[in-house]
2 protein chains.
Amino acid sequence: MAQAAPSDQHSVGLVTAESADFSGPFPLASGESLPAYTLVYECYGALNADRSNALLICHALSGHHHAAGYYDLEDPKPGWWDTAIGPGKAIDTNRFFVVALNNLGGCHGSTGPTSTNPATGRPYGPDFPTVTVPDWVNAQAALADRLGIERWAAVVGGSLGGMQALQWALSYPDRVGATVAIASTPRLSAQNIAFNEIARQAITADPDFREGRYLEAGVVPTAGLRLARMLGHVTYQSDDGLREKFGRAVRTGDLDILQDVQFQVESYLQYQGKSFSRRFDANTYLLMTRALDYFDPARAFGDDLVATFAAMKAKLLFISFTTDWRFPSARSREMALAALRAGREVSYVDVDAAQGHDAFLLPVPRYLEVLGTYLRGLELRP
Amino acid sequence: MAQAAPSDQHSVGLVTAESADFSGPFPLASGESLPAYTLVYECYGALNADRSNALLICHALSGHHHAAGYYDLEDPKPGWWDTAIGPGKAIDTNRFFVVALNNLGGCHGSTGPTSTNPATGRPYGPDFPTVTVPDWVNAQAALADRLGIERWAAVVGGSLGGMQALQWALSYPDRVGATVAIASTPRLSAQNIAFNEIARQAITADPDFREGRYLEAGVVPTAGLRLARMLGHVTYQSDDGLREKFGRAVRTGDLDILQDVQFQVESYLQYQGKSFSRRFDANTYLLMTRALDYFDPARAFGDDLVATFAAMKAKLLFISFTTDWRFPSARSREMALAALRAGREVSYVDVDAAQGHDAFLLPVPRYLEVLGTYLRGLELRP
């Protein structure tokens, strides 16, 4: 993908991360609570006079608050969703006041396992409480209050971010105009949980994990994190996508005598794994995958998805991708149908894309067109 | 699946493993050679007078020579393919003389990484040479010679075993009547290689791997093997199959307060991984997955699959399973079509089964019916 420079007219340009401190106790779904917490966030665009143009971006497993723009002129790459957010882009900062944050339990500045536990003076580590999608949404609501945003014009997210967008419409039906859930699912399948569990086992089996107290020991379970990321990475892409990108191309070695052969897809995965293991916290990875596993809003409605959507008021847009086998199109279709039966105003588009689950992060023209058209059509009301 | 007792009329009953020693040097595709080697094998049924009823079973990644029957009356379970092999079963031992062996490089008795390297007096470990599907077939041909079998009525295998069946028809066109390749593929995709590579990384990242010299150190990389098997296991099953078997059923803990929740699919995977890590050799796992990655018979024919099948003489049966996403139906269809264009006598059946790649090991009635009907129809000629 071509990366726009900060000076590009469609870039939000230079941005700064903000931080908001909240005094607790903040009650969690598990029954535990956090004494106090900090959320880091970024804002793009301007809040209008009647505060009707706020749009919340919810991040997925490895995301954070830096969704668009650059931190300085030498910054080599922009925020993770810069292809979608900016002046004139699908999430148009000329129209919307866009807020992106790092979730509770994250490892990019918001309070999480790497933060100091005030009760012990040491990092929370494995003692950081279980957080769930509803907990995240409650924390996001506290941030909305702080920013003076009573109602979001839209809450938008892909994958785990889409789950938060759905939960917003359920937890705070009067505070959401539209929910945009991209490449999402109403609940994880046994296969999804299985892949998450293997990633967790890879992390906890690493001797440097030290039962989660690796920071205190001055080590990092990089081998485990590397494996977890490699596995995630393969499952976020399609068989076809990997075939187009790598096929059976050989990077090193000799296929004729089978000496030290390394296929390109292997070195690519190793690189992805290594780079991730240097920048992500293992306890956060465990916590985020657990939040994915536990998400199941229909559970409180007797497993009735129609009843679940009947409890919402927001309009809904679902987008899925034809080659996404992690959260396949059938799951989005299932939600769209249930929401329709519940009387919601629903749009659903299954986008033909070769990139698998990862497509939600990529500049797939049809996808960004659908997203942009939908958001442009939203009526803003306070 | 119901397991027949040794006394069952459709069981081959009590069986004994045999062993054959071969003096080398045995040349390998890599250019290296083995000084000498042993193959363990089992036979079921009787070789007829004109030696025209021999049928070879080739095993997949974690298989071995014990394909059917019981070792004693207390044996809790029969060989790995007992559902298919026996008197009156799909691979009918009343008609065929069935031979199953453990491949070179295996860890069930045939010479492999756990065997003593005569050059050092210590286990081969990581010094065991690279072996390929063509190498296996050459070793199997030596065993056939030893048993006085000039020509197999059929060579049958699933997954990696199917690759050997195909290679037989290519390496020894005059020695194979029919090739039965089940849930197989002409070559691994980038996604397949990626999953294999993650499994290998899990094993080699285990500190107990000791660069492959774990036996000498008196340890075993069980954590790595456990992860490799868990990953294999998930990918051998279908999303639908896992959903039917486990759904989101909880084994322990409380979903309401999210304390110590373990989903059933998680404990199932952990059990599978643990049991495998106790009985399988890590170096053999690395070697077998590499043989999978390297298999690409069309490479020598300018990537022309039609030309590849034109070099064979055997009749061919391909069987695939609708929910197998590791070696999907499209791959078997691709082979069947190429073989047809090459003028081969070809049968192809895509069996509707929920069990994914694993279906090839399971008592899927339609599948065993297809296999049995095909083999019954084979004309036996010396």
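This text gives an overview of the structure that appears in the document. All values derive from a computational prediction rather than experimental measurement.

Each value, and the rule that gives it
Residues numbered from 1 in each chain as written. Chains lettered and ligands numbered in written order. Predicted model: local features only at pLDDT ≥ 70, side-chain atom pairs only at ≥ 80, totals over all residues. Heavy atoms only, no water. Contact = heavy atoms within 4.5 Å. Buried area = accessible area lost by both parts, 1.4 Å probe. Salt bridge = Lys/Arg side-chain N within 4 Å of Asp/Glu carboxyl O. Polar contact = N/O pair within 3.5 Å; in protein donor to acceptor, adjacent residues only side chain to side chain. Helix = DSSP H or I, 4+ residues; strand = E, 2+ residues; numbered from the N terminus. Nonpolar A, V, L, I, M, F, W, Y, C, P; charged D, E, K, R; others polar. Pairing = 2+ DSSP bridges. Axes fitted to C-alpha atoms, helices over the stretch in contact; angles between N-to-C directions. Least-squares fit on C-alpha atoms with pLDDT ≥ 70 in both. Buried < 20%, exposed > 50% of the residue type's maximum accessible area, 1.4 Å probe, protein only. Core = buried A, V, L, I, M, F, W, Y, C linked by side-chain atoms within 4.5 Å. Right-handed = clockwise from strand over helix to strand, strands pointing away. Phe/Tyr/Trp six-rings, centres within 6.5 Å; stacked < 30°, edge-to-face > 60°.

A word on the interface of chain A and chain B. Interfaces are often described in size by the accessible area the parts lose on coming together. Residue-level contacts link 54 residues of chain A with 54 residues of chain B. Across the interface of chain A and chain B, roughly 4500 Å² is buried in total on both sides, 61% from carbon and sulfur atoms. A salt bridge links Arg200 of chain A to Glu266 of chain B, with the nearest nitrogen and oxygen atoms 3.1 Å apart. Seen at the junction of chain A and chain B, the total is 18 residue pairs in polar contact (both at pLDDT 80 or more). Of all the secondary-structure elements, those providing two or more residues to the side of chain A that touches chain B are helix H3 (190-205), helix H5 (222-235), helix H6 (239-245), strand S10 (259-263), helix H7 (264-279) and helix H8 (282-294) of chain A. A breakdown of the residues in the side of chain A that touches chain B according to their chemical character gives 27 nonpolar, 12 polar and 15 charged.

Moving on to the sheet that holds strand S6 (residues 97-101) of chain B. Residues and elements named next belong to chain B. Within the open sheet, the eight strands sit side by side as S1-S2-S6-S3-S7-S8-S11-S12. Their pairing is mixed. With partners counted over all chains shown, the strands left at the sheet margins are strand S1 (18-27) and strand S12 (346-351), one partner each. Taken over all neighbouring pairs, the strand axes of this sheet differ in orientation by 20° on average, direction set aside. Strand direction decides the pairing type here: strand S2 (residues 33-44) and S6, joined by four bridges, are antiparallel. Its bridge partner being in S6, Cys43 is matched across the sheet by Val99. Contacting strand S3 (54-58), strand S7 (152-158), strand S8 (176-182) and strand S11 (315-321), helix H2 (residues 160-171) runs over the sheet at an angle of about 150° to S7. Helix-sheet contacts for helix H11 (residues 365-376) involve S3, S7, S8, S11 and S12, and the interaxial angle to S11 is about 175°.

What follows covers the relation of the copies chain A and chain B. Related by rotation about an axis and a shift along that axis, the two copies of the chain form a pair. Structural alignment of chain A on chain B gives an RMSD of 0.0 Å, achieved by rotating through 180° and translating 0.0 Å along the axis. Taken together, the rotation and translation relating the two chain copies correspond to the operation of a two-fold axis. In this assembly the copies share their binding face: 100% of the residues contributing to the interface of chain A also contribute to that of chain B.

Further remarks concern the environment of Ala342 of chain B. All names here are of chain B. Looking at the secondary structure, you find Ala342 in the loop between helix H10 (329-341) and S12. What makes Ala342 buried here is its relative accessible area of 18%. Expressed as a C-alpha distance, the spacing of Ala342 and Phe280, which sit 62 residues apart in the sequence, is 40 Å. Those residues in contact with Ala342 that lie beyond four places of it in its chain are Val306, Phe309 and Ala310.

Our focus in this paragraph is unusual backbone geometry. At the junction of Gly24 of chain A and Pro25 of chain A, the peptide bond is cis and its omega measures out at -5° in the coordinates. Position of Pro25 of chain A among the secondary structure elements: in strand S1 (residues 18-27). Positive phi, normally seen in glycine, also occurs at Ala183 of chain A, with a value near 50°. Its place among the elements puts Ala183 of chain A in the loop between strand S8 (176-182) and H3. For Ala183 of chain A, a relative accessible area of 0% puts it in the buried group. Positive phi outside glycine occurs at Arg210 of chain B, with the angle close to 50°.

With that settled, consider the nonpolar core. Grouped together as the largest cluster of nonpolar side chains are 264 residues, with contacts concentrated most on Ile91, Ile182 and Phe309 of chain A together with Ile91 and Phe309 of chain B. With nine residues, the single largest contributor to this core is helix H1 (residues 133-147) of chain B. The contact partners of Ile182 of chain A, leaving out residues within four places of it in the chain, are Trp81, Val156, Gly157, Gly158, Ser159, Gly162, Ile319, Phe321, Phe360, Tyr367 and Leu371 of chain A.

Take the pairing of strand S12 (residues 346-351) of chain A next. Residue and element names in this part refer to chain A. Of the strand pairs in this sheet, strand S11 (residues 315-321) and S12 are connected by six bridges, and their pairing is parallel. The residue of S12 that forms the bridge with Phe321 is Val351. For the crossover from S11 across helix H10 (residues 329-341) to S12, the handedness is right-handed.

For the rest of this paragraph, the subject is the packing of aromatic side chains. In the structure shown here, the tally under the stated rule is 32 aromatic pairs over all chains. With centroids separated by 6.0 Å and ring planes inclined at 85°, the aromatic side chains of Phe309 of chain A and Phe318 of chain A adopt a geometry described as edge-to-face. Side by side, Phe309 of chain A and Phe318 of chain A carry an identical accessibility label, which is buried. Look at Phe26 of chain B and Tyr37 of chain B: their rings are 4.8 Å apart centre to centre, the planes differ by 50°, and that puts the pair in the tilted class. Within this pair, whereas Phe26 of chain B is found in strand S1, its partner Tyr37 of chain B is found in strand S2, the two being separated by 11 residues in sequence. Summarising the burial analysis for this pair, Phe26 of chain B and Tyr37 of chain B share the class buried. By the ring-pair criterion, three or more aromatic residues cluster together here, those being Phe195 and Trp325 of chain A together with Phe195 and Trp325 of chain B.

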